[in-house]
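Overview (structure and organization)
The residues making up each chain are set out below.
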Amino acid sequence: MAAAAPRGLPPVPSASRTGFAEFSVRERMREKLKAARSKAESTFLQEDSSPRPRRLKSIREKKTQGRLDKESDKDEFREMQEDESHISSKVKFRDSTKKAKQKPPIQNDFPSAEEAYKFFTFDFDSEAERKKTGIKKRNELNHEEEEAEEEDAETHEEGQEEDETDEDVHLVKDDDLFILEQEAQDILVEKPAEYESYSEQLRKEKEFLFIPSMKAVPASQKMPENMQPRFLEDEGLYTGERPFVSPSNLNILENRILRQERGKEWFGDDGKILALPNPIKQSLTRPPIFSLEEGIEPELETLYRKAIKVTAANQYLVGSGDFQGPFQLDIDISGLIFTHHPCFSREHVLAAKLAQLYDQYLARKQKNLTTLLTDKLHALRNAVQCSIEGGDAAAPKPIAQQSIPEYKMEIRQTRRLRDAEQEKDRTLLKAIIKVWKEMKSLRDFQKFTNTPMKLYLRKEEVDQRLDEKAYEAEIQDEINELLEEYREEYEKKMEEYKAELQEWKSWKRAQKSKKKKKKKDLREEEESIDESDLGEEPVKPVPPKMVNSLEIEQQVREKVDSFRRKPGEPVLIPELVLSGSITPSELCPRAEVLRREDVKKRSSFIKVLFNSKEVSRTVTRPISSDFRVHFGQIFNLQIFNWPESLKLQIYETTGISSTTLLAELFLPVPETTVLTGSAPIEEIEFSSNQRVMLDHEGVGSGVSFSFEADGSNKMTLMTSGKVSNSVSWAVGEKGVPLIPPVAQQNTGIASALKSIDAIASIGTSGLTDMKKLAKWAAETKLDPNDPNNAALMQLITVATSGEARVPDFFRLEQLQQEFNFVTDEELDRSKRFRLLQLRNAEVAEFRNYKEVPLHEREISEKIFQDYEKRLRERDVVDSKHYLDARRAVVANYLQKVRESVINRFLVAKHHFLLSDLVNEEEIPSLGILGLGIFKLAEPKRPLKPRRKERKKVTAQNLSDGDIKLLVNIIRAYDIPVRKAVSKLQQPSKHSRSFNEMFTASPSAQSPGENIDWVLNQVLVRPFVEVSFQRTVCRTTTAEGPNPNWNEELELPFRAPNGDYSSHSLQSVKDEVFINLFDEVLYDVGEDDHERGSGIHTRVERHWLGCVKIPFTTIYFQARIDGTFKVDIPPVLLGYSKEKNLGNDRGYDSVRNLSEGSYITLFITIEPQLIPGESVREKMNEMLKKFDTQEDEKLLQAAEKYEAECTSKFPSRQCLTTVIDLSGKSVFITRYIKPLNPPQELLDAHPNSSQITAELVARYVALIPFLPDSVSFAGICDLWSTSDQFLHLLAGDEEEHAVLLCNYFLGMGKKAWLIIGNAIPEGATAYVLTLEQNQYAIWNPSTGCFYGQFDTFCPLKNVYCLISCDNIWFNIQEYDSPVRINFDTSKAKLWKSFFSRSSPYPGLSSIQPEELIYQPSDKAAVVELQGRIEKILKEKIMEWRPRHLTRWNRYCTSTLRHFLPLLEQNRGKDVEDDHQAELQKQLGDYRVSGFPIHMPFSEVGPLIEAVHSTGVHTIDIPSVEFALAVYVHAYPQNVLSVWVYVASLVRNR
Amino acid sequence: MAAGGGPDVFLVSVSGEIESGQFPGLDELYCKFCFVYGQDWVPTAGLEEGISQIACRSDAAAAALVWNLPLDITFKSTNPWGWPQIVLSVYGPDVFGHDVVRGYGAVHVPIEPGRHIRTLPMFVPESTSRLQKFTSWFTGRRPEFTDPRVVAQGEGREGGTIFKLHFSPNFCL
């Protein structure tokens, strides 16, 4: 309403507003409202009175026009009119217009319905409010007034609304003039109300509604047709208790179910709804909580408990505060019966046996298992019969069908059991009769009787006919069953047979057709084919045999005959009586009289021990003649301690003095329910292992005796017997059982549980007492068919029947299945699991794999690819990477050996010694203590400098950057010098002899030459570059051939994977490279005008040689200090070696001994690391555990020897046993044996033994060096024999040394193996020979030899010498070869393994008798040579990607000619020739280059060697290269490779 | 328990303290702790090793040595195998004032979240012989483990390397 325009406001108030401006707002409002009302009234009146609303409209139009000046009211109005047709339904009074049908359409002039409505329902108040706000601005009046006004206004409004409704009524009445376009008839349909008769309704409801009746359903409806309900419980099947449902509800349910289709499925065979047993327990399993106080939840209630004092030992019942009086245990010992006693006569023995058998018989009879089983058998047979017949009658039920074979199975089993029982009965009876007969014959024989025993056999006559009939029927039944069984088996076999036959036939047919074809083709080969075919022919299956029924019958009858009573035979019932008379002593022979007297002398008593303390003893009673002792005493033990053990000791006294303990037996502490009076007398057996021999009729104990005259059938009996006793708790005066309180509490436990829980009712110990358990089971009426009780029932039946039937199977870990959370296959498929397994197995690829992904999907297959590839290719030799197929095989083999070594090492790593785990100070020896004391007394000498030991650092707490390698390069000697290009030197061939070497004669150069040389000397400017782990450091450039740098270089060390543990450091493979270079400056200022302004030089570096030192050597040695020979190629083009001396003569004697260049170095690690020796020690420990074929004594001696040696000189390694390739320990001398070198080498220089020796050494050195234990730095060396070594063509120092030593021995030299320490190899093996009273030390891996006093000998320490028959350990003060005496005959200097006291046992060598050499394949060698050359050339071009590499063919071919020459001279003294030759051929070239010589194993090292010289680094534009390769083949494929590399620059 | 992006891992955050120790008859002890964990574990934050102050016996709390040394470390891992263990070693002066080991002990970090109190029995290796026992007592150089981590490892316990252990009592964590 508020939305309506203020159109409808009367103009009067607005006109009067100005006039009343001063009036209060209230007044004004009142005024206004009044005006509005009057106005409205007037208009209504007008409307009412005027029959034509047109006028009204016109009036209004005028009004509005008058008020709203320029508003185009007309348009709006039209719009409204249009709208009105849409919203007409909203308008209230419209409904009334329905009836006014005949009214003409409205004219424009008339006010529309909408218009009218708007008018009447106009909200004046909103207008008033609008005003108000305007007023508010002008007059500041309080709100209260305003509110009051508003209220007024509202009331007015309400009144107005009332008016409006009134008006509506009016309006409707005369609203005939309004019309609608749509007529009611179009929408409405008239229909009579629908009605269904009640009966109809009921009928319809009946169709889909159903009210189940409460009447019981007849069983016939619930069962399938023609079926009688079964009563399962009566049939012996377990049904369980059904949950209770009220019968009426049950009926409703049944009726409801039956209405459904297939409703019968809901019912079982018994005509009841299938239901599970009632799950509700009868009683609470949780003890109820009773609240004492009201208002508190019982769970939350607090209880006061008196503090309990804990006594030290609970067994003392006295200690507890609430002592309830003494407890009493009654022990009744009634008597003792000996089942065997030393004084038993033979008759007594038999009597005892008879009695025992009779007891057994009685027990069996009572149980009567045979009848039981027979009955069961009958019942089962009937059941089968019934089910088969029943199956015929009605539709066979699947269950019944199924149960028949089960029944049959049971029948078979029962029959077998029955037969067994019958057999036992029968044999027992027979045994009784046999013993009785023996006894009778014995009595007859000895003519007196000792025992009153008599056996009567009562015969029970039976009706022959009936018996026979039953017998036959039984046999027939059995035969039938057996027949059936056999038939089944036959059928099964027959089926198998048929299948097999089918297979065989088809094979046969195929064979025939094949044969036919072949026959046609080649008849001559027929025979051979036949033969070959026959071999594969499958065996023709044999049809199974049907068992003859007659045979079965015979079988059954035989069986039955053997253990069943024959028909008509009377039933024998034995009866044992003690009515016989005993012959009086007077009538007995003397021995018997003695026996009886002895028995009379004997008496016995029993001690009672409670908790191992004697509490009482019986009186001593004599043993009666029937070996029974009657005590009949009851001991009342008042106890305070909880009974732990109750023991009886049986003593026997003979005569007056001797008392012997016969036996001890333990009585069970009675259950708390066992009270005096109710306790049964129990018999407890005992036996003693006492050995008694008697000199009378008594048989003795533990002594063998015989009943037979000839002494056969010996038997030995031990003293044994039974004590009848009973133990029970006493009952006090008031009938209170005197049982300790712990037990009493137990009895007080809710008895309601008793019927449910066996344990609660009879106590846990009752579970072991089968009788009680059975009794309980019977009392509580356990349902034996309940599967829950199956285990219990079985236990009871097994226990009570006395013999457990052992099942046919044994199950190990029967619960394993339940604990497998995933199947094995699934587990195997899991990648993650596999990864973990491999890592755990420390497989190389996964050994240090970290962070195994959490999810299966995160593991990519790639992880396993490498590993699987390796596994696959383990046996596949891939010759692609090797130029030589043989080498590939060898590499593969070595890989395997290495793997096995690694595996062993890994095992050793997990093996810890005590010293690995615990740091313990050793016991200081007296010497050390004394020294310590002496040191205290030592005067202080502050001026004497003392070497301070560097602090050693354990490797554990180190990290990257902590360790530095310090290399101090001091000086070098005899560095090759540059040669003036133009100068041609006289070739001075020079070869040394041993004599020359040892006598140190001055060299033969003339002084004139010398001076000349000095004058023309071209400086060499050498510098040293040290590279380690890709860090390169260099010294400054010095000048001259004997430079002095004295510089310290510092290189950082980084351990692999940041692992600074000692074993990781030991396996660092990095080497320190010390390269010697010559820095050459060339003037390249080519133009003359440039020359004036500046100097333009080019620096070139020429490689001169290098020294390699492995890091592990530094690590183990802590520091390396010495002068080393620089590995310089035999020929350095453009350089010559200074042969003679310049100015400083001081080094004379030193230098002219040598011909190489030397460098003095000092290398150490900062800070000093403690070398971890533990791995080696452990490895040795482990190695001792390896297999060996050596004599145990020898090994022990070796161990002792080693221990002695190392205790004196811990730093010197003593080697007695080594490991061969198959992993066995071998005594070391077995490796040394004279062997023949290749004949070819011997023939080369037949007249000079020295050259031959050198040649042989060179041959050995040419066999590639391959450490078998790179990763463990000599921890576990595998020693291969020389033939294996030559076959593999790879080995480390030991193999080389052994072979060289063997060759020397073979050549008739005196030779030893030196185990020592050399630089840079570390622990190694060298060869010592005695040449013309001089000792020469041979380095087997280079082929060089040194005199004993050669200062540059790389061998630094000598530890032991090994010959073919002894080991000598160096016990001299020094171990440097220069300072020791090699005369092994001096026992003070050398400790020998075999001495006069323990001579050499003549150990056979493991080396072969003779080495056989295969000549090398020349063609292959030439081919290899070509390939290597090609590869190297390609590589050089590859290394120079930005430059053009030109090959000078002319030079190459010249170089190629040099190489064989070099090989011939073994690289000595040929350089001058080269230089001259090259100069001659090439003319004006500056040539620099050198040959590289290597033993051949693979191409890789060759490439590395060429690369390391840096020949390719020259970047002078006009440089040319030359490269030549020569491969020389020695026997057994030992190849010597020469690579000649040179760079040529044309001189200008 | 999982980190986005890279392979899934789970985090184990450990915080706690080495509260106190009961070493009857001993005083002025300090303790050292370190964590031992499997191959698949990586510490992401916190201290792996630490050493406490020297604690003196308090009169109040039943002769306990109170350290209150806080532990705070976070591991990430992909595999529960090798669950972190804390290894404690306690040292203190002997009669002559030498610093000797007084106990080693190890315990797994609890596998359930929440507050746990662990009491560790502590032990030290014994000298191999009586003479050595005497000399080590005299010189103050008693047998120690080369690496305290040994106590958290199963290796090296098999035959051959049996060491006698001397148990000294409890320790609260």
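Residues numbered from 1 in each chain as written. Chains lettered and ligands numbered in written order. Predicted model: local features only at pLDDT ≥ 70, side-chain atom pairs only at ≥ 80, totals over all residues. Heavy atoms only, no water.

**Quick word on the nonpolar core**
Residue and element names in this part refer to chain A.
- Core analysis: the biggest nonpolar cluster contains 77 residues, and Leu 965, Ile 1074, Ile 1159 and Val 1539 have the highest contact counts within it.
- With 6 residues, the single largest contributor to this core is strand β21 (residues 1071–1083).
- Setting aside its immediate chain neighbours within four residues, Leu 965 contacts Phe 1028, Leu 1049, Glu 1050, Leu 1051, Val 1072, Phe 1111, Ile 1114, Ile 1163, Thr 1164 and Ile 1165.
- Leu 1215, Ala 1257, Phe 1345 and Tyr 1530 belong to the second-largest nonpolar core, a separate cluster that totals 54 residues. (Core = buried A, V, L, I, M, F, W, Y, C linked by side-chain atoms within 4.5 Å. Buried < 20%, exposed > 50% of the residue type's maximum accessible area, 1.4 Å probe, protein only. Helix = DSSP H or I, 4+ residues; strand = E, 2+ residues; numbered from the N terminus. Contact = heavy atoms within 4.5 Å.)

**Some thoughts on the interface of chain A and chain B**
- Chain A puts 28 residues into the contact, and the matching count from chain B is 31 residues.
- Here chain A packs against chain B, burying approximately 2500 Å² in sum over the two surfaces, 53% of which is carbon and sulfur.
- For B:Asp8, the salt bridge is made with A:Arg857, and the minimal N-O distance between the two is 4.0 Å.
- Inspection of the region where chain A meets chain B yields 7 residue pairs in polar contact (both at pLDDT 80 or more).
- Among the secondary structure elements, those contributing two or more residues to the side of chain A that touches chain B are α26 (831–840), α29 (914–917) and β14 (918–919) of chain A.
- Here the element with the most residues in the side of chain A that touches chain B is α29(A); it accounts for 4 residues.
- Looking at the side of chain A that touches chain B residue by residue, the classes come out as 12 nonpolar, 5 polar and 11 charged.
- Note: β14(A) against strand β9 (residues 144–145) of chain B, 2 bridges, orientation antiparallel. Following the sheet pairing, A:Val918 is matched in β9(B) by B:Phe145. (Buried area = accessible area lost by both parts, 1.4 Å probe. Salt bridge = Lys/Arg side-chain N within 4 Å of Asp/Glu carboxyl O. Polar contact = N/O pair within 3.5 Å; in protein donor to acceptor, adjacent residues only side chain to side chain. Nonpolar A, V, L, I, M, F, W, Y, C, P; charged D, E, K, R; others polar. Pairing = 2+ DSSP bridges.)

**With respect to the packing of helix α40 (residues 1249–1262) of chain A against helix α42 (residues 1293–1306) of chain A**
All names here are of chain A.
- Where α40 meets α42, the closest approach of the two axes is 10 Å, and the angle between their N-to-C directions is 155°. Put simply, α40 runs roughly antiparallel to α42. The interaxial crossing formed by α40 with α42 has right-handed handedness. In this structure, α40 contributes Ala 1253, Val 1256, Ala 1257, Tyr 1259, Val 1260 and Ala 1261 to the contact, and α42 contributes His 1296, Leu 1299, Leu 1300, Tyr 1303 and Phe 1304. (Axes fitted to C-alpha atoms, helices over the stretch in contact; angles between N-to-C directions. Parallel < 35°, antiparallel > 145°, perpendicular 65-115°, else oblique. Left-handed = near helix turned anticlockwise from the far one by under 90°.)

**A word on unusual backbone geometry**
- The phi dihedral of A:Asn1046 falls on the positive side, at around 50°, and the residue is not glycine.
- The topology assignment puts A:Asn1046 in strand β20 (residues 1044–1052).
- Within the chain, B:Glu28 stands out as a residue other than glycine whose phi angle is a positive 55°.
- Within the fold, B:Glu28 resides in the loop between β1 (10–22) and β2 (30–36).

**Overview of the pairing of strand β27 (residues 1217–1220) of chain A**
All names here are of chain A.
- Bridging between β27 and strand β28 (residues 1225–1227) involves 3 bridges; their strand directions are antiparallel. Pairing of Thr 1217 across the sheet is with Phe 1227, part of β28.
- Sheet topology note: the β27/strand β29 (residues 1278–1279) ladder contains 2 bridges and is parallel. Its bridge partner lying in β29, Asp 1220 is registered against Trp 1279.

**Details of the pairing of strand β6 (residues 85–93) of chain B**
Residue and element names in this part refer to chain B.
- Within β6, 8 of the 9 residues are buried, which leaves the element mostly enclosed by the surrounding structure.
- Two strands pair when backbone bridges link them, and β6 and strand β7 (residues 99–108) are joined in this way by 9 bridges, in the antiparallel orientation. Paired with Tyr 91 across the bridge in β7 is Val 101.

**Some words on a negative patch on the surface**
Residues and elements named next belong to chain A.
- Judged by side-chain charge, Glu 491, Glu 495, Glu 496, Glu 500 and Glu 503 come together as a negatively charged surface patch.
- Along the chain, the position of Glu 491 falls in helix α16 (residues 464–521).
- Assessed through its relative accessible area of 47%, Glu 491 is described here as partly exposed. (Patch = residues over 30% accessible without salt bridge, like charges linked within 9 Å, V, L, I, M, F, W, Y side chains within 5 Å. Areas by Shrake-Rupley, 256 points an atom, 1.4 Å probe, with all protein chains shown as cover. Lys, Arg positive; Asp, Glu negative; His and termini not counted. Charge placed at Lys NZ, Arg CZ, Asp CG, Glu CD.)

**Points about the sheet that holds strand β31 (residues 1322–1331) of chain A**
Residues and elements named next belong to chain A.
- Strand order in the open sheet formed by 7 strands is β33-β32-β31-β30-β34-β35-β36, and the pairing between neighbours is antiparallel. Across the chains shown, the open sheet's two edge strands, defined by having one partner strand only, are β33 (1345–1347) and β36 (1390–1392). The sheet shows a mean angle of 35° between the axes of neighbouring strands, direction not considered.
- Relative to strand β32 (residues 1334–1338), β31 runs antiparallel, the two sharing 5 bridges. If you follow Thr 1329 over to β32, its bridge partner there is Ala 1336.

**Concerning the packing of aromatic side chains**
Residues and elements named next belong to chain A.
- Here the structure, examined in full by the defined rule, presents 37 aromatic pairs over all chains.
- When the centroid spacing of 6.1 Å and the interplanar angle of 20° are considered together, the rings of Phe 1028 and Phe 1053 count as stacked. Residue Phe 1028 is located in strand β18 (residues 1022–1028), and its partner Phe 1053 is located in the loop between β20 and α33 (1062–1066); the two are separated by 25 residues in the primary sequence.
- On the basis of relative accessibility, which here comes to 2%, the residue Phe 1053 falls in the buried class.
- Taking the centre distance of 5.2 Å and the plane angle of 45° together, the rings of Tyr 1335 and Phe 1382 count as tilted. (Phe/Tyr/Trp six-rings, centres within 6.5 Å; stacked < 30°, edge-to-face > 60°.)

**Observations concerning a nonpolar patch on the surface**
- Side chains of A:Ile923, B:Val95, B:Phe96, B:Leu131, B:Phe134, B:Trp137 and B:Phe138 sit close together on the surface and give an oily, nonpolar patch of about 720 Å² of accessible area.
- The topology assignment puts B:Val95 in the loop between β6 and β7.

**So, the environment of A:Asp269**
- Within the secondary structure layout, A:Asp269 lies in the loop between α12 (247–259) and β1 (327–340).
- For the pair A:Asp269 and A:Met223, spaced 46 residues apart in sequence, the C-alpha separation works out to 7.4 Å.

**Considering the confidence of the model for chain B**
All names here are of chain B.
- For chain B, the mean per-residue pLDDT works out to 81, and 84% of the residues sit at or above 70.
- Segment residues 159–172: pLDDT under 50, and 57 contacts once partners within four positions in sequence are set aside and those in other chains are kept.
- Interface confidence for the predicted complex, expressed as ipTM, amounts to 0.80; the pTM equals 0.48. (pLDDT = per-residue confidence, 0-100.)

**Points about a positive patch on the surface**
- On the surface, A:Lys505, A:Arg509, A:Lys512 and A:Lys516 cluster together to form a positively charged patch.
- With respect to the helices and strands, A:Lys505 occurs in helix α16.

**A closer look at the pattern of salt bridges**
Residues and elements named next belong to chain A.
- Applying the stated criterion across every chain, the model contains 44 salt bridges over all chains.
- Between Arg 443 and Glu 347 there is a salt bridge, and its shortest N-O distance comes to 2.7 Å. Placement of the pair is Arg 443 in helix α15 (residues 398–446) and Glu 347 in helix α13 (residues 346–367), with a sequence separation of 96 residues.
- Here Glu 347 falls in the buried class, since its relative accessible area comes to 0%.
- Residue Glu 652 pairs with Arg 602 through a salt bridge whose shortest N-O separation is 3.3 Å. Of the two residues, Glu 652 sits in strand β8 (residues 646–654) while Arg 602 sits in strand β4 (residues 602–610), which places them 50 residues apart along the sequence. The same class applies to Glu 652 as to Arg 602, namely buried.

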